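Descriptive analysis of the structure
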Amino acid sequence: MKLLITGGAGFIGSNFIHYWLQNHPEDTVVNFDALTYAGNLENLKDIEGNPNYQFIKGDICDKELVNEAVKGVDAIVHFAAETHVDRSIMDSAAFLRTNVLGTLNMLEAARNNGNIRFHHISTDEVFGALGPSDPAFNERTPYDPRSPYSASKAGSDHLVRAYFHTHGLPITISNCSNNYGPYMFPEKLIPLFVTNLIEGKPVPVYGDGMQVRDWIHVTDHNRGVEMILQKGKIGETYCLGGNAEKPNIEITKLIVAHLGKGEEMIEYVTDRPGHDRRYAIDFSKAKHELGWEPQIKFADGLASTIDWYVNNEPWWRSVKSGEYQEYYQKQYG
Ligand code: NAD
Ligand code: DAU
C-alpha cells in the first residue's frame, strides 16, 4: 500500500505515520504538509531516512501540487486542518480556507485520479455541546457546530459525504474526541499546562473549569483509523472516543500533582466565548462493526504523556520559542 497522509507533521498525523510504519513496514507513506505553525518535522526526525517515507511540503489548497501528489496512491488519510478553537475565534478565515476549501481540493484530486480511497479525520465538536445528563454523541447525532473551527469541520464532513453520494468516491469518516499524547502542540490544554508548570508559570483554567471532554490517547485514535481503513464500510462514519469523560479542573489538578506543584499555580481566567460545556462519545458502532475500543487507561496515558514532555524539553521549548519555524523558513522558504 502507498498512503498519502495530509497534515502528517502535526500532532495526530505524525503519531499516525510512526504507528503505520511500525505496524506496516512494507508500506510506503507520503506526508503532505504545509508546515504551518502546527507542523513540525522534528516529530518525524527518527524516520526521515526511512526509504518508505517521503515528505512533500505543500498546501492542500494548491490544486496542481495535490493532483500530482495523489498519483499512484492507494489511500488518502486526511488529517490536515486548522485545529485550535481559540485561534478560530480570533481569525476564522484560515479555518474555512484549509478545512473546507482544502478538503474540497483533496476530494477533487481523489476523484480525478481513479477514485482513490479517502478517509477523513473529523471531530466530535461537529455535534455541538451536551448537557450533564444527555446521552453521548453517536453517528446519528444531528450536527450542531458552535465555533468557527467546528463549523468548518462540519462543512468538510458534509462535503466528504456528498462526494460519496454524488460521485461514488470510496470514503469513510471518523469523528473522534479529545486526543492527548506526545508531539501535541503546546497551545492545547494538556501540553500547555504541563509545559507552563515546568517553566514555573500559572495554568489558565477557562471559566469554572467544569467543562467536560472525553479524552483518548492518540495511539488508540490511530488504531481506530487503521481498523476503519482495513474493515470500515465505504460511505460510513465511525465515532471514536476514549471512555474517559473528565472536567478540565480534574485534569488540571492531576497534572499539578504529577509535577509536584501546588494548586496556587491554578489561575481561573475569562471563559472561552461559546465554550461547549460537555462532549462524550458512544463508540458502540466501532466496537461492534470493527472490534475497536480504546485500550489505554486515562490515568496511565496522562502520566506517560506528562513524562514525555518532561523528557523532551528541547522539543517543546523550540516550539514555544518559534525556533522550529525559523529553520523551515530557511530550508523551504
Ligand atoms: P495539528 O494542528 O497538530 O496539525 C495540523 C497539521 O496540518 C499541521 O502539520 C499543519 O502544518 C497541517 N496543515 C494545516 N493547514 C494545512 C494546509 N493548508 N495544507 C497542508 N497542511 C496543512 O492538528 P491535530 O491535533 O493533529 O489534528 C489533526 C486532525 O485531527 C484535524 O483534522 C483535527 O480536526 C482532527 N481532530 C483532532 C483532535 C484533537 O484532539 N487534536 C480530535 C479529533 C479530531
Ligand atoms: O474534541 C475534539 C477537539 O479537541 C479537536 O477537534 C480540536 O482540534 C482540539 O483542539 C480539541 O478542542 P478543545 O477545544 O476541546 O481543546 P483545548 O485543548 O483547546 O481545550 C480543552 C478544554 O480545556 C476546553 O474545555 C477549553 C479548556 N482550556 C483550554 C486551554 C487551551 C482551558 O481551560 N484553558 C486553556 O488555556
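A few points on the structure. Quantities reported herein were computed from a predicted structural model and do not represent experimental measurements. (Residues numbered from 1 in each chain as written. Chains lettered and ligands numbered in written order. Predicted model: local features only at pLDDT ≥ 70, side-chain atom pairs only at ≥ 80, totals over all residues. Heavy atoms only, no water.)

**Brief notes about the pairing of strand S1 (residues 2–6)**
For clarity, the cut-off: The buried label applies to any residue whose accessible area, calculated with a 1.4 Å probe on protein chains only, is under 20% of its type's maximum; exposed applies above 50%, and partly exposed to all values in between. By the criteria applied, helices consist of DSSP H or I runs no shorter than four residues and strands consist of E runs no shorter than two, each listed in order from the N terminus. What makes two strands pair is DSSP finding at least two bridges between them. When the strands point away from the viewer, a crossover counts as right-handed if the route from the first strand across the helix to the second turns clockwise.
A large share of S1 lies buried, amounting to 4 of its 5 residues. Pairing of S1 with strand S2 (residues 28–33), which is carried by 5 bridges, proceeds in the parallel orientation. Its bridge partner being in S2, threonine 6 is matched across the sheet by phenylalanine 32. Handedness of the crossover joining S1 and S2 through helix H1 (residues 11–23) is recorded here as right-handed.

**Topic: the site of ligand 2**
We apply this condition: Consider each residue's heavy atoms; a residue with any of them within 4 Å of a molecule or strand counts as near. Pairs of N or O atoms within 3.5 Å make up the polar contacts considered here, provided that, within protein, one atom can donate a hydrogen while the other can accept it, and that residues adjacent in sequence are counted only when both atoms are side-chain atoms. Surface exposure here means Shrake-Rupley accessible area, sampled with a 1.4 Å probe, where a residue is shielded only by the protein chains that are shown. When residues are grouped by polarity, Ala, Val, Leu, Ile, Met, Phe, Trp, Tyr, Cys and Pro land in nonpolar, Asp, Glu, Lys and Arg in charged, and all others, Gly among them, in polar.
Taken together, 23 residues lie near ligand 2, and Thr123, Asp124, Tyr149, Arg272 and His275 sit nearest. In this structure, an oxygen atom belonging to ligand 2 sits 2.7 Å away from a side-chain N or O atom of threonine 123. Contact between ligand 2 and proline 204: a nitrogen atom at 2.7 Å from a main-chain N or O atom of the residue. Here ligand 2, which alone exposes 690 Å², has 94% of that area covered by the protein. Elements with a minimum of two residues in the shell around ligand 2: helix H6 (189–198) and strand S8 (203–206). Looking at the shell around ligand 2 residue by residue, the classes come out as 9 nonpolar, 8 polar and 6 charged.

**What to know about the packing of aromatic side chains**
Counted only if it meets this: Centres within 6.5 Å are what make two rings of Phe, Tyr or Trp a pair, Trp counting through its six-membered ring; a difference in plane orientation under 30 degrees is then read as stacked, over 60 as edge-to-face, and the rest as tilted.
Inspection of the entire model under this criterion finds 15 aromatic pairs. When the ring of phenylalanine 95 is compared with that of tyrosine 149, the centres are 6.3 Å apart and the planes differ by 80°; the resulting orientation is edge-to-face. Note that phenylalanine 95 is positioned in helix H4 (residues 93–112) and tyrosine 149 in helix H5 (residues 148–167), a separation of 54 residues in sequence. A residue is classified by how much of its surface remains accessible, and tyrosine 149, at 8% relative accessible area, is buried.

**Re the pairing of S2**
Across the 6 residues of S2, 5 count as buried, placing the element largely inside the fold. Pairing analysis gives 5 bridges linking S2 to strand S3 (residues 53–57), with the strands arranged parallel. Note that in S3 the partner of valine 29 across the bridge is tyrosine 53.

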